[in-house]
Structure formats: structure tokens, C-alpha cells
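Here are the chains, one letter per residue:
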Amino acid sequence: MTCGINRIRCCAHSLFDTTMPESQATDPQAPLLTDRFGRVINYLRLSVTDRCDFRCVYCMAEEMTFLPRQQLLTLEELAFLCRAFVELGVSRIRLTGGEPLVRRNVLSLIRSIGELPGLDELLLTSNGSQLADVADELADAGVRRINISLDSINPARFAEITRTGELHRVLKGISAAQRAGIERVKINSVIMRGRNDDEILPLLEFALERQLDISFIEEMPLGDTGRDERREELVSSEEIRQHIGEYYPLLASDAASPGPSRYHRIEGSDSRIGFISPNSHNFCDSCNRVRVTCEGRLLLCLGNEHSVDLRAVLRSHPGDLDALKQAIVAAMDIKPERHHFYDPEQPQVVRFMNTTGG
Ligand code: SAM
Ligand code: SF4
């Protein structure tokens, strides 16, 4: 007989020698993925590759060594993993990377995830370089929202920040996504002092003109990108908000945000304007997400190293959905309460953002 969800609750904790979260022990209806702090996990961000055709200065070093292919989860393993998470109550999956669209046959993975019963939202984060070629297929596969990184609308500046990127391809990708009927296309902009902080308004106006959403992101100190001036170049969300406010009054948006983005809007526009402030505001209290790296490491927090090796479970119990679910449920017990970015008392994260999945 296969192990049902109730048995998962019972055996997950004996198998992994952890204590069942109190909420689950007392309430059989409690969501299966609940951590020690009562946070319900219903959102998975999955990195499908560490490779990328760009080398953004805040994300990667100029010279990168990528993982050998056998260390990456196969497309079948990735699909199986998504099924396990969805059966455990995850209703939203974001595919990210590296650049998810450079992974060969990624569309077949996207289609199979899109068909999972119980999944409400399939989302993608992309640098946009390949989007023009696949936007229609993504829309057909059920992708409703896409986030696209764009830190400059000046071609020379864009090439400097991404080191290898071409702006015109990304702009083409953005238009293709909108034409394909992707419901919300959002720009993600990391603002760095002295590099692109003079483009806050041009990026905002670009978004407003094209009816895109936009989030301004504070740079996080992940991986050794070879930029020693990282901390000095940090521009806080508050500073960006104030700068925008001098030109455009920002109104509170009623757009629900279960994540770290806090949304605003501008009179007369439907665009949502978000600020992601991992350094200046701690959004950990309402954290509803976990990440899986392209090697199958379940990361319980972006800013900590607490993790569980799901690839080991997948490969030691091939095709065993219950073993996988047990490992995921048990992992909830080690989700840390909060991150400690830029805290000199705490160890810094050496992982690069491209393996982690932003
Ligand atoms: N390649 C895709 C892209 O660029 O959108 C997806 C992966 S990328 C790692 C996901 C997001 O992480 C991007 O929006 C990028 O701007 C952001 N990001 C990367 N490194 C970051 C860092 N050190 N701090 C803050 N955001 C970062
Ligand atoms: Fe590639 Fe995205 Fe990282 Fe830029 S931010 S290097 S596009 S993974």
C-alpha cells in the first residue's frame, strides 16, 4: 500500500528523526508545509539551471565555473519534485535560474508543471534574452506572469551591467511576452550607486509607458562576484522611493503581496511599483517560500545555508513520491526564523544567486 498524506505526517519525522511541528500534531487539517514559527509554505522557487548567457555584476563573477551536468537535476526529476511540492500544498511555482530559458527542452518541463492539478500559478523569472522565441509557447503552457531583469534602458550601460547582454533582444522579449497575452509582465531592477542610480526614473517611466509592473530590488550580498564595492553601491528602497516621490506621488496599491515586494501605484496607471528590501526591511515574518537549487538542494532561506539534499532522496529512492514528500515535510523544521544580510556577526552567504535561484 502506498503511503498517504497522513502517513507522511507520521513517518516523516521518525525517518528523519525530527519532531512533528506542533500545528500538525494538534490539527490534522493544518497545512502540511508549516514551519516551527507557524509560517505556511505554499510557494516554491525552483532553479532549473545555474547557466546563463549574461554575467550581471551583482549576480556572477566574470569567470564562472558551472556545475557538471550530472550534478543537475534532470528534467524528469524537476517535474517529479514539483509534483511532490504541489501535492503537499504548494500552489505557486516560479521557475528561475541562472537563465531558465537556456536549459535545453525546458519548455517540456514547463508544460508538464503547468498541467499539475492543484497548481494555481506557474511563474517565470528570466533575463528576457530568449523570450521573443518562446513567449507564445510559454503562454500556452500556462505561464501567466513573467519577471524580467532590466537594470538599464541605455544599451551601453546595459552591456556593462550584464557584461554580455544586448538590450534590444530583451526589449523584443518584453514586447513578445505582452503580445503573447502574459497577464502581468514585471521588470526587476537592481539599483547600484554610481552604476545605474540615475536610471530610477527612466526605468519607472519605461514601465509606465508600456504598462509593465516594476520592482526595485536592493542588492543582496550573495556569492563573491569580485565587486568589493558592493556594500558602498547599495541603494536602499527608501532612497529610491523618496527619489520617485519627488516626481510622482506614490499611492498605496491594494495589490496583494504575499512576498517581499511592497506595491505602490501612480495616479492614472495600472502599473504596480514594488520595492524589495531584503537589507533594509526584514520580511521574514511572512515568509511563505522555499527554494530548490538546480542541484536539488532544498534551501529553507535565501540568506542562510540550512538545506536538505533532495537529489540524494530522488536518486536513492527513484520514483518514490512518498519518500520525497517525507523529506520535504521534515525539512520544515529547520527553516530559520530570519536572514542576517550584512550582519558582521553572522557568516555571509557564499552561494551565488544563479545557483540559488532568485
Ligand atoms: N536570469 C534570470 C533573471 O535575471 O531574471 C533569473 C535568475 S536571476 C538570479 C533572478 C533575479 O535575481 C533577477 O531579477 C536578478 O536581478 C536578481 N538578483 C541576482 N543577483 C542578485 C543580488 N545579488 N541581489 C539582488 N538581486 C539579485
Ligand atoms: Fe544571469 Fe539572471 Fe544572474 Fe543576470 S541575474 S547573471 S541574467 S542569472
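Above this text is the structure in question.
About the criteria used
- Residues numbered from 1 in each chain as written.
- Chains lettered and ligands numbered in written order.
- Predicted model: local features only at pLDDT ≥ 70, side-chain atom pairs only at ≥ 80, totals over all residues.
- Heavy atoms only, no water.
- Core = buried A, V, L, I, M, F, W, Y, C linked by side-chain atoms within 4.5 Å.
- Buried < 20%, exposed > 50% of the residue type's maximum accessible area, 1.4 Å probe, protein only.
- Helix = DSSP H or I, 4+ residues; strand = E, 2+ residues; numbered from the N terminus.
- Contact = heavy atoms within 4.5 Å.
- Pairing = 2+ DSSP bridges.
- Right-handed = clockwise from strand over helix to strand, strands pointing away.
- Near = heavy atom within 4 Å.
- Polar contact = N/O pair within 3.5 Å; in protein donor to acceptor, adjacent residues only side chain to side chain.
- Areas by Shrake-Rupley, 256 points an atom, 1.4 Å probe, with all protein chains shown as cover.
- Nonpolar A, V, L, I, M, F, W, Y, C, P; charged D, E, K, R; others polar.
- Expected span 1.5 Å × (residues − 1).
- Phe/Tyr/Trp six-rings, centres within 6.5 Å; stacked < 30°, edge-to-face > 60°.
- Lys NZ or Arg CZ within 6 Å of the ring centre and 35° of its normal.
- Salt bridge = Lys/Arg side-chain N within 4 Å of Asp/Glu carboxyl O.

Participant: Whenever I open this one, the nonpolar core confuses me. Can you help?
Facilitator: Taken as a class, soluble globular proteins show a tendency for nonpolar side chains to be buried jointly. With 97 residues, the main nonpolar core has Phe-85, Leu-138, Phe-216 and Leu-310 as its most contacted residues. Looking at which element gives the most residues to this core, the answer is helix H3 (residues 75-87), with eight residues. Beyond its immediate sequence surroundings of up to four residues, Leu-138 is in contact with Leu-101, Leu-107, Ile-110, Leu-124, Leu-131, Val-143 and Ile-146.

Participant: What is the right way to look at the pairing of strand S2 (residues 92-96) in this model?
Facilitator: Along a regular strand, successive side chains alternate from one face of the sheet to the other. Counted residue by residue, S2 has five buried out of five residues, so it is predominantly covered. Of the two faces of S2, the one carrying Arg-92, Arg-94 and Thr-96 and the one carrying Ile-93 and Leu-95 are both buried. Sheet topology note: the strand S1 (residues 43-47)/S2 ladder contains five bridges and is parallel. Bridging across to S2, Leu-46 finds its partner in Leu-95. Note that the unit made of S1, H3 and S2 has a crossover that is right-handed.

Participant: Looking at this model, I keep getting lost on the site of ligand 1. Mind explaining?
Facilitator: As a matter of local geometry, ligand 1 sits amid 19 residues, with Tyr-58, Gly-98, Ser-126, Ser-149 and Met-220 nearest to it. Glu-99 places a side-chain nitrogen or oxygen 3.2 Å from a nitrogen atom of ligand 1. Coverage of ligand 1 by the protein chains reaches 96% of its 540 Å² of free accessible surface. Counting residues per element, the ones that place at least two in the shell around ligand 1 are strand S3 (121-126) and strand S5 (184-190). Taken together, the residues of the shell around ligand 1 break down into six nonpolar, nine polar and four charged.

Participant: Teacher, can you tell me more about H3 here?
Facilitator: Given 3.6 residues to a turn, an α-helix orients residues that are three or four positions apart in the same direction. Between its first and last C-alpha atoms H3 spans 18 Å; for 13 residues at 1.5 Å apiece the expected length is 18 Å, and the two agree. If you check which residues of H3 are buried, you get Leu-75, Glu-77, Leu-78, Phe-80, Leu-81, Cys-82, Ala-84, Phe-85 and Val-86. One or two positions beyond H3, positive phi appears at Gly-89, with a value near 110°.

Participant: Looking at this structure, how should I read the environment of Ser-175?
Facilitator: Secondary-structure assignment places Ser-175 in helix H7 (residues 167-179). With relative accessibility at 27%, the residue Ser-175 sits in the partly exposed group.

Participant: Sorry if this is basic, but what is going on with the packing of aromatic side chains here?
Facilitator: Describing an aromatic ring pair means giving the distance of the ring centres and the angle of the ring planes. As enumerated under the stated definition, the model contains two aromatic pairs in all. Judged by centre distance (6.0 Å) and plane angle (25°), the ring pair of Phe-216 and Phe-275 falls under stacked. With Phe-216 in strand S6 (residues 213-217) and Phe-275 in strand S9 (residues 273-276), the pair connects residues that are 59 residues apart, well separated along the chain. In this structure, Arg-92 is placed above the aromatic ring of Tyr-43, and the distance from its NZ or CZ to the ring centre is 5.1 Å. Sitting over the ring of Tyr-263, Arg-272 keeps its end group 6.0 Å from the ring centre.

Participant: Any chance you could explain the pattern of salt bridges here in plain terms?
Facilitator: Opposite charge on two side chains permits them to pair, given that their charged atoms come into close proximity. Under the counting rule described, the total for this entry stands at 14 salt bridges. Arg-83 is paired through a salt bridge with Glu-87; the nearest N and O atoms lie 3.0 Å apart. Taken as a pair, Arg-83 and Glu-87 lie in helix H3 at a separation of four residues, close to a single helical turn. Using a relative accessible area of 37% as the deciding quantity, one classes Arg-83 as partly exposed. Judged by its relative accessible area of 33%, Glu-87 is partly exposed. Here Glu-219 and Arg-230 are joined by a salt bridge, their closest N and O atoms 2.6 Å apart. With a gap of 11 residues between them, Glu-219 in the loop between S6 and helix H9 (237-245) and Arg-230 in the loop between S6 and H9 connect regions that are remote in the sequence. No difference in accessibility class separates Glu-219 from Arg-230, as the two residues are buried.

Participant: Hey, could you run me through the environment of Leu-101 in this one?
Facilitator: Residue placement: Leu-101 occurs in the loop between S2 and helix H4 (106-114). Linking Leu-101 and Cys-52, residues 49 residues apart in sequence, is a C-alpha distance of 8.8 Å.

Participant: What is the right way to look at the site of ligand 2 in this model?
Facilitator: Around ligand 2 sit Cys-52, Phe-54, Arg-55, Cys-56, Tyr-58, Cys-59, Met-60, Gly-98 and Asn-127, and those are all the residues in its vicinity. Looking at side-chain class alone, the shell around ligand 2 contains six nonpolar, two polar and one charged residues.

Participant: Help me understand the pairing of S3 in this model?
Facilitator: S3 sits mainly inside the fold: five of its six residues count as buried. Alignment of S2 against S3, held across four bridges, turns out to be parallel. Bridge pairing in S3 places Arg-94 opposite Leu-123. Handedness of the S2-H4-S3 crossover: right-handed. Examined bridge by bridge, S3 and strand S4 (residues 143-149) share five bridges and lie parallel to one another. Paired with Ser-126 across the strands is Ile-148, a residue of S4. On the question of chirality, the crossover connecting S3 to the parallel S4 by way of helix H5 (residues 131-140) is right-handed.

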